[in-house]
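Structural overview
If you want the building blocks of each chain, they are given just below.
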Amino acid sequence: MKFSELGLTQDLLTAIEKHGYVEATPIQEKTIPLTMAGKDVIGQAQTGTGKTAAFGLPILEMIDNDNKDVQALVVSPTRELAIQTQEELFKLGRDKHVRVQAVFGGADIRRQINGLNHGAHIVVGTPGRLIDHIRRGTINLSHVKTLVLDEADEMLNMGFLEDIESILKAVPDERQTLLFSATMPAAIKRIGVQFMTNPEHIQIAAKELTTDLVDQYYVRVRDFEKFDVLTRILDVQQPQLAIMFGRTKRRVDELTRGLELRGFNAAGIHGDLTQQKRTQVLKQFKNGEIRILVATDVAARGLDVSGVDYVYNFDIPQDSESYVHRIGRTGRAGAHGTSVTFISNAEMDYLKDIEKLTKKRMQPLKPYTHEEALAGRMSVAAASVDAIVKTTANVADSELVDQLAEKYDARELAAALLGSAANVEEMDAEFKLSHERPLPHKHGGNGGRRGGGNRGRRDGDRRHGNGGGYRGNRGQRERRSYDRGSRTGSGDRSQRGHSGAPRRQSRNFVIKNND
Ligand code: ADP
Ligand code: MG
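Bear in mind that the values here come from a model prediction, so they are computed numbers and not experimental data.

For the rest of this paragraph, the subject is the site of ligand 1. Residues in contact with ligand 1 amount to 17 residues; listed here are only the nearest, Y21, E23, G48, T52 and D304. Within the side chain of D304, a nitrogen or oxygen atom sits 2.5 Å from an oxygen atom of ligand 1. Contact with the protein chains hides 84% of the accessible area of ligand 1, taken as 570 Å² for the molecule alone.

Right under this line is the structure:
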């Protein structure tokens, strides 16, 4: 369906066209008219199918430019997603001159206050920083007409629910409420519905949660060989842009080190890094300066980076919804992707629970041999030799060239060049990961539901708050995010990490805390 059939005004249609959208996606087609009619909507559709514009366009349509009040509020689980959503709404609303302000932790609050003072029609924010602004009286949400919880099931999950309840107190009771996500467990939906008025639940492609565009594989591994299996897979698959998930911050740091050691262009992102660093890494990844983004679940929700062709779950996620969101970082907007999930014997129940939720079988992938990995590396090296030959200026002293040509035959020279380009020694660089405590055994499985509430808030929005803000009793509240496991369970690190490793490497086993 064309956007022009959805009742949007010309300013927005022009912006949509500039954005390169031709047809509305199914979720957009279904939810835009309902939202414009003022209904409360739960919009559920697969990852990468345009949910941002699904709630963004009708909101932009409904904004009254002459009114300086904050008229819509979008709440996002991570800072990166808040930034991305702000950017998308800004672009789509530019012709209509809609002001969109992002507020999130780890960034200068005074600039955000300035932006708010200048009159923001739409605010996109993370819960913690929004609450800071509410407490400081630097945001007025009393005229909000539409409230969106993006990644709604995450926002209504235990780690965030209390924050959302505080935010709800700051917006009018009489308002429109929109929940959007690819996943919507029934128990969480029941919580959400309490904050809504006669919501319509629009669910696209209810049959399968994950997109058909992603080929899903799993690989069975034993813990000690996991890293070797990984780098062989990378040598064979040669991803253009990949996101790799590790269970803890420590894991992410170590994986990044190990990958660099074996010649891969990788960088890590997690909640212990400064926001400046997080933003920089993500920017480099979007530019293609970094090819492998190693991340905790902080990168699992909502991030839209075009060209991501592989997702690696180096550690299987604890809950099945998280899997859906992680692999949803590829196969977006019609592109094709591949995911590979590493599974130990003890984790087979988790695989089954994921398949139960996604209603799709993952295909087994046999670990590649050293020879296959080598062949992968060599073919890339051959291509780079081509590039060297084509692009290197011919400035060599002819006598030296003659000498070399006399000394070696063409085959020898070619082999040396290829070998150097392939950097084969790198492949076998000694590297050992610290032992990561495996996920607890599942007995009978409970459908992958989050048991016992051991998922606290995500990477704290407030961790790096720049002071003075509201702390309330939050400081005491334990944040039990799985992501934070890096602080513990490292007792056996020194033994395992150093065995036979060169000195350069042993330094890598210090837990980094970039605060
Ligand atoms: P979701 O929130 O469903 O995961 P996003 O809103 O992040 O998906 O959109 C995924 C990608 O699809 C983005 O790059 C977005 O610009 C693009 N997109 C959104 N709507 C359309 C459309 N109608 N046609 C083409 N591309 C679209
Ligand atoms: Mg989204």
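Moving on to the sheet that holds strand β5 (residues 146–150). The strands that make up a sheet pair up through hydrogen bonds in the backbone, lying either parallel or antiparallel. Sheet architecture is open: seven strands sit in the order β3-β4-β2-β5-β6-β1-β7, paired in parallel fashion. Each end of this open sheet is capped by a strand with a single partner; those strands are β3 (100–103) and β7 (200–203). Neighbouring strand axes in the sheet, compared pairwise and without regard to direction, differ in orientation by 15° on average. Relative to β5, strand β2 (residues 72–75) runs parallel, the two sharing four bridges. Each bridged residue has a counterpart across the sheet, and for V75 the counterpart in β5 is L149. Packing of helix α3 (residues 51–62) onto the sheet brings it into contact with β1 (41–44), β2, β4 (122–125), β5 and β6 (176–181), and relative to β6 it is tilted by some 160°.

The next point concerns the UniProt feature "short sequence motif: Q motif" (unreviewed entry) in the protein. When the UniProt feature table is mapped onto this chain numbering, "short sequence motif: Q motif" (unreviewed entry) sits at residues 1–29. The straight-line gap between the two end C-alpha atoms of residues 1–29 is 7 Å; of that span, 45% is helix and 0% is strand.

What follows is about the pattern of salt bridges. Following the criterion strictly, the structure yields 23 salt bridges and no others. Of the charged contacts, one joins E151 and R301 as a salt bridge, the two residues approaching to 2.9 Å between their closest N and O atoms. A residue pair is termed long-range when its members are at least 10 positions apart, and E151 in the loop between β5 and α7 (152–155) and R301 in the loop between β11 (292–295) and β12 (310–313) qualify at 150 residues. Residue E151 is classed as buried on the basis of its relative accessible area of 6%.

Moving on to helix α13 (residues 320–327). In terms of burial, α13 is largely enclosed, as eight of its eight residues are buried. Turning to α13, its buried residues are S320, E321, S322, Y323, V324, H325, R326 and I327.

Quick look at the packing of helix α5 (residues 109–117) against helix α6 (residues 127–136) now. Packing of α5 against α6 leaves a shortest axis separation of 12 Å and a crossing angle of 70°. With respect to α6, the axis of α5 lies roughly perpendicular. Along this stretch, α5 crosses α6, giving a crossing that reads as right-handed. For the pair α5 and α6, the contacting residues are I109, Q112, I113 and L116 in the first and R129, D132, H133 and R136 in the second. Here the contact of α5 with α6 is composed, by residue class, of three nonpolar, two polar and three charged.

To continue, consider the pairing of β12. What you see with β12 is no split at all: Y310 and Y312 on one side and V311 and N313 on the other are buried throughout. In the sheet, strand β9 (residues 242–245) pairs with β12 via four bridges, with the strands oriented parallel. Looking at the pairing, A242 lines up with Y310 of β12. As paired elements, β12 and strand β13 (residues 337–343) share four bridges and run parallel to each other. Bridge pairing in β13 links Y310 to T338. Read as a crossover between parallel neighbours, the route from β12 over α13 to β13 is right-handed.

Conventions we followed
- Residues numbered from 1 in each chain as written.
- Chains lettered and ligands numbered in written order.
- Predicted model: local features only at pLDDT ≥ 70, side-chain atom pairs only at ≥ 80, totals over all residues.
- Heavy atoms only, no water.
- Near = heavy atom within 4 Å.
- Polar contact = N/O pair within 3.5 Å; in protein donor to acceptor, adjacent residues only side chain to side chain.
- Areas by Shrake-Rupley, 256 points an atom, 1.4 Å probe, with all protein chains shown as cover.
- Pairing = 2+ DSSP bridges.
- Helix = DSSP H or I, 4+ residues; strand = E, 2+ residues; numbered from the N terminus.
- Axes fitted to C-alpha atoms, helices over the stretch in contact; angles between N-to-C directions.
- Contact = heavy atoms within 4.5 Å.
- UniProt positions renumbered as here; feature names shortened; annotations may be inferred.
- Salt bridge = Lys/Arg side-chain N within 4 Å of Asp/Glu carboxyl O.
- Buried < 20%, exposed > 50% of the residue type's maximum accessible area, 1.4 Å probe, protein only.
- Parallel < 35°, antiparallel > 145°, perpendicular 65-115°, else oblique.
- Left-handed = near helix turned anticlockwise from the far one by under 90°.
- Nonpolar A, V, L, I, M, F, W, Y, C, P; charged D, E, K, R; others polar.
- Right-handed = clockwise from strand over helix to strand, strands pointing away.

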